[in-house]
Amino acid sequence: MSIEEFEELARHAPERVRLEFIKGKVQVKAVPDGNHNEIVKWLQKQCIQHRPELWLYTKQGLKVDTYGNGRARPDGTLAPDDHFVGAGEWAAPDGVLLVAEVTSYAADTDSRDRVEKPDGYAAAGIPVHLLVDRDASSVTVHSEPENGVYRAVTTRPFGALVELPGPVGITLDTEKLKHYAD
């Protein structure tokens, strides 16, 4: 399937269906449940408290062309306020500081959220990728993208202080995530 065909398909998908194009395959992203949404809300609050000049966008699609001509829809995309004005449904990753993913209970979560997407985000040059892993009750920070991989990966349990390195420069207190563990 070409990128153009995928974008046309995604444009006409029902509102409750979120599609991504990763490694040349159409993937259906699970519709978020209540705990998933609360985690994203928690992260939005953390970001606005520490970096009010930034916004955590929750529905912005990203072109990750360096990764199999892909299209990804992160659960959160941290960028300067008004960064995506005029960008359309699928924006270039230039200027994005962080992408965040919250695991869901879909069959392909392991390969998609823990392997494929971090590789794609690193290849696109996104400085920081944050994975909130509900299965493992942990937060993983990927940083220092180089040659399509993140050179630095740190995992901490829910409840720990988690440093998001530059250019983000935020310390997250993840204690509240314990309330959202399933």
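Structure first, text after, so check above.
Report follows, based on the coordinates. (Residues numbered from 1 in each chain as written. Predicted model: local features only at pLDDT ≥ 70, side-chain atom pairs only at ≥ 80, totals over all residues. Heavy atoms only, no water.)

1. Topic: the side chain of Q60
Here Q60 shows up in the loop between strand 3 (54-57) and strand 4 (61-64). The class for Q60 is buried, based on a relative accessible area of 12%. Only 3.2 Å separates the side chain of Q60 from the backbone oxygen of G88, close enough to count as a polar contact. Here E89 takes part through its backbone oxygen, which lies 3.2 Å from a polar atom of the side chain of Q60. The contact partners of Q60, leaving out residues within four places of it in the chain, are A72, R73, P74, T77, F84, G88, E89, W90 and A91. (Helix = DSSP H or I, 4+ residues; strand = E, 2+ residues; numbered from the N terminus. Buried < 20%, exposed > 50% of the residue type's maximum accessible area, 1.4 Å probe, protein only. Polar contact = N/O pair within 3.5 Å; in protein donor to acceptor, adjacent residues only side chain to side chain. Contact = heavy atoms within 4.5 Å.)

2. A few points about the packing of aromatic side chains
Evaluated as defined, the whole model comprises one aromatic pair. Aromatic side chains Y57 and F84 sit 5.0 Å apart centroid to centroid with 85° between the ring planes, which places their arrangement in the edge-to-face category. One end of the pair, Y57, is in strand 3; the other, F84, is in the loop between strand 6 (76-80) and strand 7 (90-91), and 27 residues separate them in sequence. When sorted by exposure, Y57 lands in the same class as F84, which is buried. (Phe/Tyr/Trp six-rings, centres within 6.5 Å; stacked < 30°, edge-to-face > 60°.)

3. Quick word on the side chain of D133
In this fold, D133 is placed in strand 9 (residues 128-133). Looking at D133, the relative accessible area reads 6%, which means it is buried. One polar contact links the side chain of D133 to the main-chain amide nitrogen of D135, over a distance of 3.0 Å. Not counting residues up to four positions away in its chain, the partners in contact with D133 are T103, R114, S138 and F158.

4. A short note on the environment of A122
In this structure, A122 sits in helix 3 (residues 109-123). For the pair A122 and S143, spaced 21 residues apart in sequence, the C-alpha to C-alpha distance is 8.2 Å.

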